[in-house]
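# Secondary and tertiary structure notes
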Amino acid sequence: MNSFALYQDPLRGEVLKISGNQIGMSVVPRKVSFSDPILLRHILCLVIVVHNSFHLILCCRQLKLCKRTSVPPKQMEGIFSQEAFQASKDKQLHASSLEIFNIAIDTLYSCLDLYLCTLAFLWKLTVGWYRYAGSTWLNVTFMTVFSTYLVVRKLPSLFYEKLVLDPRYNVDPEKTPPLLGLICALVFVVVFLQVAVIPLTAIFMAIHMLSEWYFTLFVWLGLVGLSVLVLAFVGLFGVPCLGKSRKMKSTDMDNSLKAVLDDFKFPGRVYMVHTFHVGRPTAWVMGCCCCLRLDIHDNLMWNRGFSSDDFDWGQMGAGLNDEQLAAFVAHQLAHWKLWHVAKGLALIYFYLLIYLLLFGICNRWITLYAAAGFTTFYPSSVGFWLVYKYLMPIYHDISTWIVFFCIRHFEYAADAYVNRRGYGPPMRAALLKLFSDDYEFPYVDHCYLIWHRLRPSILQRIDNLQRLNMISGVSTA
């Protein structure tokens, strides 16, 4: 009996053994057919290489655009100094270079995992540790080891960022965590992952026993139901981890904000969120029906709503004035008025349903596991990763393009809506002010934006608002 295993099933009398023939590191297919695991391995690696090369080209386009621009855009003259532009450019160069490295290292890892049978080796270790365990326990243990391996794969990227990119682009060490601190954070991530991985693996193992159609329906309904519960929760309680919420009374609002709420006939509650840290200034409408609320983060307000006597002078002058704040809130209410959240969720649910249907079919393809180096005795849980990583990239790119396109259209539609209501000029001023508070690189390559940016750039929105304002001015005249 295996004396060093942490868990043994007293009812199991036979020692578990990995039986069957592995393809190992073979590279010559036995036959030209998708049923040949060696040929399938080559095809899967080709899919990864083509997919990642496409995104590598997009990132290189953004990097090239960043390198060849040397002056800020004309629309931001007076608020964007040359020094601030150079700082934002260095930040973008840093981010693009890191993204390119991550894509390249992911391509290498993904191909090596197949050709070196890395996942099959982790499974062999798991079975060696727990030779008398049941199927569920083996899958839970394998996913624990596998999730740890995925975190360890982040180390090259971490070292490249801290030891190469940070010195190259003059990143202030006082404003970024040290390398040792990030490594300790990864250790914490490994521990924290197990809190989610262990119960989720056990649950999915139970669901996996169903047929692919019941599996798809069960998981899809579960995710939809969970998202509805989350919507109801945030509608009632907000997002407590972001900060403390305080309900705003009529006396707490200025006339501009009152006018916007009356104009849109907003039926929900309005809260001011005192954020625990200075994050991205924003406001949003959350929840649905009777659980509707508008959250306005305090860092969106001028000086976070404090007077100059009791305010942190390091953030003096940040935030929007009353008119700009009202226009920004009007933009968020336009999303609610135009049902953008509901439309976005319906679109995501639709593509999630198709994804789960494809996943339910492909997850039971035995040749897929053989291509990764497994025999007929393999962990069912690894199928979630194999299908996601090697079979779904093309579907993911198509669905991402459509979803991102619709969400960017929603942003433009909300801007057009508030412009028709007379909030166009203050909304444009609000975007410029938010940009001046936290400079980011204003230029974005169009092809890169399609697959990598959920929203239009601030520069695109400013130009669009200016165009809408000119059109409305001409039509009025």
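In case you missed it, the structure is sitting above this.
As the structure is a prediction and not an experimental result, all values here were calculated from the model. (Residues numbered from 1 in each chain as written. Predicted model: local features only at pLDDT ≥ 70, side-chain atom pairs only at ≥ 80, totals over all residues. Heavy atoms only, no water.)

### Re the overall build of the protein chain
As a reminder, the rule being used: Where helices and strands are cited, they refer to DSSP runs of H or I of at least four residues and of E of at least two residues respectively, numbered from the N terminus. Categorising residues by exposure relies on relative accessible area from a 1.4 Å probe, with only protein chains included: less than 20% of the type maximum marks a residue as buried, more than 50% marks it as exposed, and the intermediate range marks it as partly exposed. By definition in these notes, contact holds between two residues if any of their heavy atoms fall within 4.5 Å. To be clear on the numbers: accessible area is Shrake-Rupley with a 1.4 Å probe, and residue cover counts the displayed protein chains and nothing else. Only four residue types enter the tally: Lys and Arg on the positive side, Asp and Glu on the negative side; His and the chain ends are excluded. Taken as the charge centre is NZ of Lys, CZ of Arg, CG of Asp or CD of Glu, depending on the residue.
Looking only at helices and strands, the protein chain has 16 helices and four strands in total. Once the C-alpha set of the protein chain is aligned to its principal axes, its extents read approximately 80 × 50 × 45 Å. Within the span of the protein chain, comprising 477 residues, buried residues form 45% of the whole. In the protein chain, the proportion of contacts linking residues at least 24 apart, taken out of those at least 6 apart, comes to 75%. With the model as given, the accessible surface of the protein chain reaches about 25200 Å², and the carbon-plus-sulfur share is 68%. One finds the centroid of the 42 positive side-chain charges in the protein chain at a distance of 7 Å from the centroid of its 33 negative side-chain charges.

### Things to note about the pattern of salt bridges
Put simply, the rule is: Criterion for a salt bridge: a side-chain nitrogen of Lys or Arg within 4 Å of a carboxyl oxygen of Asp or Glu.
Enumeration over the complete set of coordinates arrives at 11 salt bridges. The salt bridge involving Asp-166 is made with Lys-162; its shortest N-O contact spans 3.0 Å. Here the residue Asp-166 and the residue Lys-162 both occupy positions in helix H5 (residues 155-168), the gap between them amounting to four residues, near one helical turn. Exposure class is identical for Asp-166 and Lys-162. Each is buried. If you follow the salt bridges from partner to partner, you end up with Asp-106, Asp-113, Arg-153 and Lys-389 in one network.

### Considering the packing of helix H1 (residues 37-68) against helix H2 (residues 82-115)
Two quantities define a packed helix pair, namely the angle between the axes and the distance from one axis to the other. For the record, the criterion: All axes here are fitted lines through C-alpha atoms, helices being fitted over the stretch that makes contact, and every angle between N-to-C directions spans 0 to 180 degrees. Roughly parallel here means an angle under 35 degrees, roughly antiparallel means over 145, roughly perpendicular means 65 to 115, and every remaining angle is called oblique. Polar here means any residue outside two lists: the nonpolar Ala, Val, Leu, Ile, Met, Phe, Trp, Tyr, Cys and Pro, and the charged Asp, Glu, Lys and Arg; Gly therefore counts as polar.
It is at 10 Å that the axes of H1 and H2 come closest, and there the two elements cross at 170°. In this view, H1 runs roughly antiparallel relative to H2, as classed from their interaxial angle. Class assignment of the residues belonging to the contact of H1 with H2 gives a composition of 15 nonpolar, nine polar and five charged.

### Things to note about helix H10 (residues 340-362)
Our working definition: Multiply 1.5 Å by the residue count of a helix minus one, and that product is the helix's expected span.
With 23 residues, H10 should reach 33 Å at 1.5 Å per residue; the first-to-last C-alpha distance of 33 Å fits that figure. Of all the positions in H10, only His-340, Gly-344, Tyr-349, Tyr-351, Tyr-355, Leu-356, Phe-359 and Gly-360 are classed as buried. On its buried face, H10 is in contact with helix H7 (212-237), helix H9 (322-337), helix H12 (382-391) and helix H13 (393-420).

### Quick notes on the pairing of strand S4 (residues 293-297)
Stated precisely, the cut-off is as follows: At least two DSSP bridges between two strands are required for those strands to pair.
Counted residue by residue, S4 has five buried out of five residues, so it is predominantly covered. With burial as the criterion, each face of S4 is covered, one bearing Arg-293, Asp-295 and His-297 and the other bearing Leu-294 and Ile-296. What sits between strand S3 (residues 283-286) and S4 in their antiparallel hairpin is a turn of six residues, with Gly-287 showing a positive phi close to 85°.

### Brief notes about a nonpolar patch on the surface
How we decide: A patch is a set of surface residues, each over 30% in relative accessible area and not in a salt bridge, joined within 9 Å for like charges and within 5 Å for the nonpolar side chains Val, Leu, Ile, Met, Phe, Trp and Tyr.
On the surface, Met-25, Leu-108, Leu-112 and Leu-116 cluster together into a nonpolar patch covering about 380 Å² of accessible area. Assignment of secondary structure puts Leu-116 in the loop between H2 and helix H3 (118-129). Accessibility expressed as a relative area gives 47% for Leu-116, which makes it partly exposed.

### Description of the sheet that holds strand S2 (residues 269-275)
The strand order S1-S2-S4-S3 describes an open sheet built from four strands, whose pairing is mixed. One side of each edge strand has no neighbouring strand; the edge strands of this open sheet are strand S1 (243-247) and S3. The average angle at which neighbouring strand axes cross in this sheet is 25°, direction not considered. Looking at chain direction, S1 and S2 are connected through five bridges and run antiparallel. The partner of Ser-245 across the bridge, within S2, is Val-273.

### Side note on the pairing of S2
Sheet faces and side chains relate simply in a regular strand, where the side chains alternate between the two faces. The buried fraction of S2 amounts to five of the seven residues, a majority that puts the element mostly inside the structure. When S2 meets S4, the two strands line up parallel, connected through five bridges. Bridge pairing in S4 links Arg-269 to Arg-293.

### Points about H9
Condition: Between N or O atoms, a polar contact is any pair within 3.5 Å; within protein, one atom must be a potential hydrogen donor and the other a potential acceptor, and residues adjacent in sequence are included only when both atoms are from side chains.
Over its 16 residues, H9 runs 22 Å from end to end, which matches the ideal 22 Å to within 8%, given 1.5 Å per residue. Of all the 16 residues making up H9, 12 are buried; the element is thus mostly covered by neighbouring parts of the structure. Among the residues of H9, those classed as buried are Gln-324, Leu-325, Ala-326, Ala-327, Phe-328, Val-329, Ala-330, His-331, Gln-332, Leu-333, Ala-334 and His-335. For H9, the N-terminal cap is Asn-321; the gap from its side-chain oxygen to the backbone nitrogen of Glu-323 is 3.2 Å. Phi turns positive one or two residues past the end of H9, at Trp-339, with a value near 60°.

### Considering the side chain of Ser-96
Residue position: Ser-96 is located in helix H2. Residues contacting Ser-96, with those up to four places away along its chain left out, are Gln-62 and Leu-63.

### Remarks on unusual backbone geometry
If you check the backbone angles, Cys-117 has positive phi at about 55° while not being a glycine. In this structure Cys-117 comes out as buried when scored by relative accessible area, which is 10%. One non-glycine residue, Asn-170, lies in positive phi territory at about 55°. Mapped onto the elements of the fold, Asn-170 is located in the loop between H5 and helix H6 (179-208).

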